Amino acid sequence: MSRGFAEIAFTPAVQALQEVHGSRAQYARMQARAEPDAGLGPQESEFIAAADSFYLATVSETGWPYVQHRGGPRGFIRVLSPTRIGFADFRGNQQFVSAGNAATDDRVSLIVMDYVQRRRLKLLGHLRFVAVADADPALVRQVELPGYRARVDRVALIDVAVFDWNCPQHITQRFTLDQVEAAARPLRERIAELEEELRAARSAVPTR
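If you're wondering where the values come from, they're calculated on a predicted model, not measured in any experiment.

Rules of the game
Residues numbered from 1 in each chain as written. Predicted model: local features only at pLDDT ≥ 70, side-chain atom pairs only at ≥ 80, totals over all residues. Heavy atoms only, no water. Buried < 20%, exposed > 50% of the residue type's maximum accessible area, 1.4 Å probe, protein only. Helix = DSSP H or I, 4+ residues; strand = E, 2+ residues; numbered from the N terminus. Pairing = 2+ DSSP bridges. Axes fitted to C-alpha atoms, helices over the stretch in contact; angles between N-to-C directions. Contact = heavy atoms within 4.5 Å. Polar contact = N/O pair within 3.5 Å; in protein donor to acceptor, adjacent residues only side chain to side chain. Salt bridge = Lys/Arg side-chain N within 4 Å of Asp/Glu carboxyl O.

### Re helix α2 (residues 12-21)
Among the 10 residues of α2, 1 are classified as buried, and the element is accordingly described as predominantly exposed. Just downstream of α2, Gly22 is the residue with a positive phi angle, here 85 degrees.

### Quick word on the sheet that holds strand β7 (residues 152-166)
Read from one edge of the open sheet, 7 strands run β2-β1-β5-β6-β7-β4-β3, paired in antiparallel fashion. Single-partner strands in this sheet number two, and they are β2 (65-71) and β3 (78-81). The mean angle between the axes of side-by-side strands here comes to 35 degrees, regardless of whether they run parallel or antiparallel. Pairing geometry for strand β1 (residues 53-59) and strand β5 (residues 107-114), over 4 bridges, is antiparallel. By the bridge assignment for β5, Leu56 is matched with Leu110. On top of the sheet, helix α4 (residues 42-49) reaches β3, β4 (84-90), β5, β6 (119-131) and β7; it is set at about 70 degrees to β6, its chief contact. Against the sheet, helix α5 (residues 97-104) contacts β1, β2 and β6, and its axis sits at roughly 125 degrees relative to β2.

### A closer look at the environment of Glu196
Position of Glu196 relative to the elements: it lies in helix α7 (residues 177-204). Only 2.7 Å separates the side chain of Glu196 from the side chain of Arg199, close enough to count as a polar contact.

### Notes on the pattern of salt bridges
Inspection of the entire model under this criterion finds 9 salt bridges. One salt bridge connects Arg74 with Asp52, and the closest N-O pair in it is separated by 3.7 Å. Residue Arg74 is found in the loop between β2 and β3, and its partner Asp52 is found in the loop between α4 and β1; the two are separated by 22 residues along the sequence. Note that Asp159 and Arg84 form a salt bridge whose closest N and O atoms lie 2.7 Å from each other. Taken together, the residues Asp159 in strand β7 and Arg84 in strand β4 connect sequence positions 75 residues apart. One network of salt bridges, in which partners are shared, links Arg70, Asp89 and Arg154.

Have a look at this one:
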């Protein structure tokens, strides 16, 4: 856990509950030993680049939280720098809840999941949307997904303030259809080989 993440997440109310439940001393020591934030490193960048979905939390101007699932092909989240990530915002149901919330309070929280390896990365940052017509063409090229059939309306940019890796506890392993098919392919190929060998063996047996 970085020092910055603890400073943002461990508010006075949070620290008070940690004190009540006996965990404050442990987290205080952890916070004191924590390194200053240095941005996303190779491990975080590789993890984000391999993701095909994440959860995005915003807060409305009336104070209500809103959590949205964002998905796309693997690699649709682009690490643009150690402190910035971006993705193509495709045309959807046109509700604009997350975009509207970010227009009045740009602070967001993300959880990027890897269900196979039971890992999750939490990020806190600031979100803004840039219409494709107003965006730098070079930026649009950085986030666009050639061959993906969806219309890009905006570029979403998140300036990452802090991040933290979470423990794998209570993460249920899940696999995509592509992952299951890839795992099953050698088995299917072996079954086909054995079936062919069996047919060959049967044909070699002389008939009476």
